[in-house]
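Spelled out from the first residue to the last, the chains are:
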Amino acid sequence: MEIRAIQGDITKQTDVEAIVNAANESLLGGGGVDGAIHYAAGPELLKECRTLGGCKIGEAKITGAYNLPCKYIIHTVGPRWHGGNNRESELLTLCYKSCLEVAMQHGIRTIAFPSLSTGAFGYPVEQANLVAVGAVYGFVEEYPDQFDLIEWVCFDKNTLKYYSNQIELHKSGFYEEIDPVSKEPELIALLSEHNPEVHRSTDDGYSIIIKDGDEEHMYVDYNDGKFTLGLGCWHNHYNLYRKDYENLLKDIENILNNSFVAVTIRCNGEWFGSWKMSVSECSKKELIIEARKMMRKELIEKAKKYGYQIECEFLDKSKDLIYTIDPEI
Ligand code: ADP
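**Student:** Would you mind showing me how to read the overall build of the protein chain here?
**Tutor:** Secondary structure assignment for the protein chain yields 9 helices and 15 strands. Compactness check: the protein chain gives a C-alpha radius of gyration of 27 Å against a globular reference of 20 Å for 329 residues, more than 25% above the reference. The principal-axis extent of the C-alpha atoms belonging to the protein chain is close to 80 × 50 × 35 Å. Across the 329 residues in the protein chain, those meeting the buried criterion constitute 43%. For the protein chain, contacts bridging at least 24 residues in sequence account for 57% of all contacts bridging at least 6. For the protein chain, the computed accessible surface area is about 17,100 Å², with 48% contributed by carbon and sulfur atoms. Distance between charge centres in the protein chain, computed from 34 positive and 51 negative side chains, equals 7 Å.

Spelled out as structure tokens, the structure:
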């Protein structure tokens, strides 16, 4: 079973039984890869397409391939890009799934996709490749041994670069689940110079705490199916995928090197929100810009009305700064 991306013209592929067409709802032809496929397959394809009654976004329909070197064409309609909050990724995932389902039903074991939706439909390829490659890997995990080859035939170098990089990441195990228990010694070793305190719970959970004098400075723990890293009032959760675990390690390193700090906003002494910032961005001006993004209108109104102080605490061991933010500005 191979998953890969190559550069080429999908109408010329001789190594697959089926190619996928990035069609539109009418299934009566269009521009881009759709135009190229109809042109290369010949007018008989349009005749067959007329009998199909169109196709909805996310669905897939199969036809013969006529003058093309493959046996079948699977037509699907990708989502048009409307900014990313209109179910685009869900619908694009559905396209890949529907095509692979139809292929499976016809005993097709080798299939080529174009980069669905990233042409006239405007889906940014930087995002489409993540969805596309994730969808295909998700499908083959659910239905192993059903395909011998799934490939993207990318028209241009730039598109090819995105798909091949993403496939490489999947192959390298970047998206595989990790075993959190086996990571405990590694985390302790990483923190060994800082006198880590380790606490274990009755299940597999553990907490590793770094103290600054008597006070807790930083902690990392594994509990309830996720890792958590905490620094002052700031904390962040990480899922059990290698990519998330690598981010956790990076964040720990950054804390240890003092290259990021936790920032907390308080209003009249009460916690309002925390986030992390890289030290290089941490000018007073940047802090205030970030703090303003976090402050809801009500908080500012309240501060003005009751004369509450809004404080922005910048938890940096070397500086220990607290700025007071004027709600009027
Ligand atoms: P959509 O309408 O789904 O965005 P397009 O056909 O406009 O579909 O574009 C999808 C992708 O297909 C684009 O990356 C485009 O460059 C590419 N493409 C166009 N012609 C071909 C072809 N003959 N073979 C492979 N890819 C192609």
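**Student:** Honestly, the sheet that holds strand β5 (residues 110–113) in this entry has me stumped. Any pointers?
**Tutor:** Through backbone hydrogen bonds, the strands of a sheet pair up, either in parallel or in antiparallel fashion. Judged by pairing direction, the sheet is mixed, and its 6 strands sit side by side in the order β1-β6-β5-β2-β4-β3 without closing on themselves. Across the chains shown, the open sheet's two edge strands, defined by having one partner strand only, are β1 (2–7) and β3 (60–64). Strand after strand, the sheet turns through a mean of 25° between neighbouring axes, direction not considered. Pairing between strand β2 (residues 18–23) and strand β4 (residues 72–77): 6 bridges, direction parallel. From the neighbouring strand, Ala22 faces β4, where its bridge partner is Thr76. Taken strand by strand, helix α4 (residues 125–142) contacts β1 and β6 (149–154), and its axis lies near 170° from that of β6.

**Student:** Before we go on, may I ask you to explain unusual backbone geometry in this structure?
**Tutor:** Phi is mostly negative for residues that are not glycine, and the peptide bonds are mostly trans. In this model, Tyr66 sits at a positive phi of 50°, which is unusual for a non-glycine residue. Tracing the backbone shows Tyr66 in the loop between β3 and β4. Tyr66 gets classed as partly exposed once you look at its relative accessible area, which sits at 36%. A positive phi angle is found at Asp145, which is not glycine, with a value near 65°. Position of Asp145 among the secondary structure elements: in the loop between α4 and β6.

**Student:** Help me understand the pattern of salt bridges, please; the structure alone is not making it clear to me.
**Tutor:** A side chain of one charge can pair with a side chain of the opposite charge when the charged atoms of the two come close. As enumerated under the stated definition, the model contains 13 salt bridges in all. Measuring nitrogen to oxygen at the nearest pair gives 3.3 Å for the salt bridge that ties Asp9 to Lys12. Under the relative-accessibility criterion, Asp9 is labelled partly exposed at 25%. Given the relative accessible area of 59%, Lys12 is considered exposed. Note that Lys47 and Glu44 form a salt bridge whose closest N and O atoms lie 3.5 Å from each other. In this pair, Lys47 and Glu44 are both assigned in helix α2 (residues 43–50), 3 residues apart and thus about one turn of the helix distant. Connected through shared salt-bridge partners, Arg4, Asp15 and Glu151 make up one network.

**Student:** Before we go on, may I ask you to explain the packing of α4 against helix α5 (residues 157–171) in this structure?
**Tutor:** Each pair of packed helices gets described by two things: the angle between the helix axes and the distance between those axes. Running from amino to carboxyl end, α4 crosses α5 at an angle of 40°, the nearest separation of the two axes being 9 Å. Here α5 runs oblique to α4, going by the angle between their axes. Crossing geometry of α4 relative to α5 is assigned as right-handed. Within the contact between the two elements, α4 uses Val125, Glu126, Ala128, Asn129, Leu130, Ala132, Val133, Gly134 and Tyr137 and α5 uses Asn158, Thr159, Tyr162, Tyr163, Gln166, Ile167, His170 and Lys171. Residues that form the contact of α4 with α5 fall into these classes: 9 nonpolar, 6 polar and 2 charged.

**Student:** Would you explain the sheet that holds strand β10 (residues 226–231) in this entry?
**Tutor:** With antiparallel pairing, the 5 strands of this open sheet are ordered in space as β7-β8-β9-β10-β11. Only two strands of the sheet have a single neighbouring strand rather than two, namely β7 (197–200) and β11 (234–238). Geometrically, the sheet is characterised by an average inter-axis angle of 15° between neighbouring strands, direction not taken into account. Note that strand β9 (residues 215–223) and β10 share 6 bridges and pair antiparallel. Directly across from Asp221, in β10, lies its bridge partner Thr228. Packed on one face of the sheet, helix α7 (residues 242–256) meets β9, β10 and β11 and runs near 15° to β10.

**Student:** Where do I start with the layout of surface pockets in this structure?
**Tutor:** Over the atoms rolls a probe the size of a water molecule, and its path tells where empty space is left. Each pocket or cavity is described by its volume, and for the largest pocket that value is around 560 Å³. Residue lining of the largest pocket: 28 residues in total, with Ala22, Gly32, Val33, Ser115 and Gly119 positioned closest to the centre. When contributions to the lining of the largest pocket are tallied by element, the ones reaching two or more residues are β2, α1 (32–41) and β6. Among the elements that take part in the lining of the largest pocket, α1 stands out by supplying 4 residues, more than any other.

Each value, and the rule that gives it
What you see as residue numbers is a count from 1 along each chain, following the sequence as written. This being a predicted model, a pLDDT of at least 70 is required before a residue's local features are given, and a value of 80 or more before pairs of side-chain atoms are given or counted; all residues contribute to the totals for chains, interfaces and linings. No hydrogens and no water enter the side-chain calculation; it runs on all heavy atoms of the structure. Secondary structure elements follow DSSP: runs of H or I no shorter than four residues count as helices, runs of E no shorter than two count as strands, and numbering proceeds from the N terminus. Here the globule rule reads 2.2 Å times residues to the power 0.38, and the radius of gyration is calculated from C-alpha atoms. Throughout this description, buried means an accessible area under 20% of the type-specific maximum (1.4 Å probe, protein chains only), exposed means over 50%, and partly exposed covers the range between. Any two residues having at least one pair of non-hydrogen atoms within 4.5 Å are treated as being in contact. Where accessible areas are quoted, they stem from the Shrake-Rupley method and a 1.4 Å probe; at the residue level, only the protein chains shown are allowed to cover. Here Asp and Glu are counted as negative and Lys and Arg as positive; His is not counted, and neither are the chain ends. By convention, the point assigned to a charge is CZ for Arg, NZ for Lys, CD for Glu and CG for Asp. At least two DSSP bridges between two strands are needed for those strands to be called paired. Axis definition: a line fitted to C-alpha atoms, over the contacting stretch in the case of helices. Angles run 0 to 180 degrees between N-to-C directions. By salt bridge we mean one thing: a side-chain nitrogen of Lys or Arg within 4 Å of a carboxyl oxygen of Asp or Glu. Roughly parallel means an angle under 35 degrees; roughly antiparallel, over 145; roughly perpendicular, 65 to 115; everything else is oblique. Crossings are assigned a handedness: left-handed for a near helix turned anticlockwise from the far helix by less than a right angle, right-handed for a clockwise turn. Three classes are used: nonpolar for Ala, Val, Leu, Ile, Met, Phe, Trp, Tyr, Cys and Pro, charged for Asp, Glu, Lys and Arg, and polar for all others, with Gly counted as polar. In the cavity and pocket records, a cavity denotes points on a 1 Å grid over the protein atoms alone where a 1.4 Å probe fits but cannot get out, a pocket denotes an open set with protein on both sides within 12 Å along at least 5 of 7 lines, and lining residues are residues with an atom within 4 Å of a point. Grid points are joined across faces, edges and corners, and a volume is the space filled by probe spheres set on the points.

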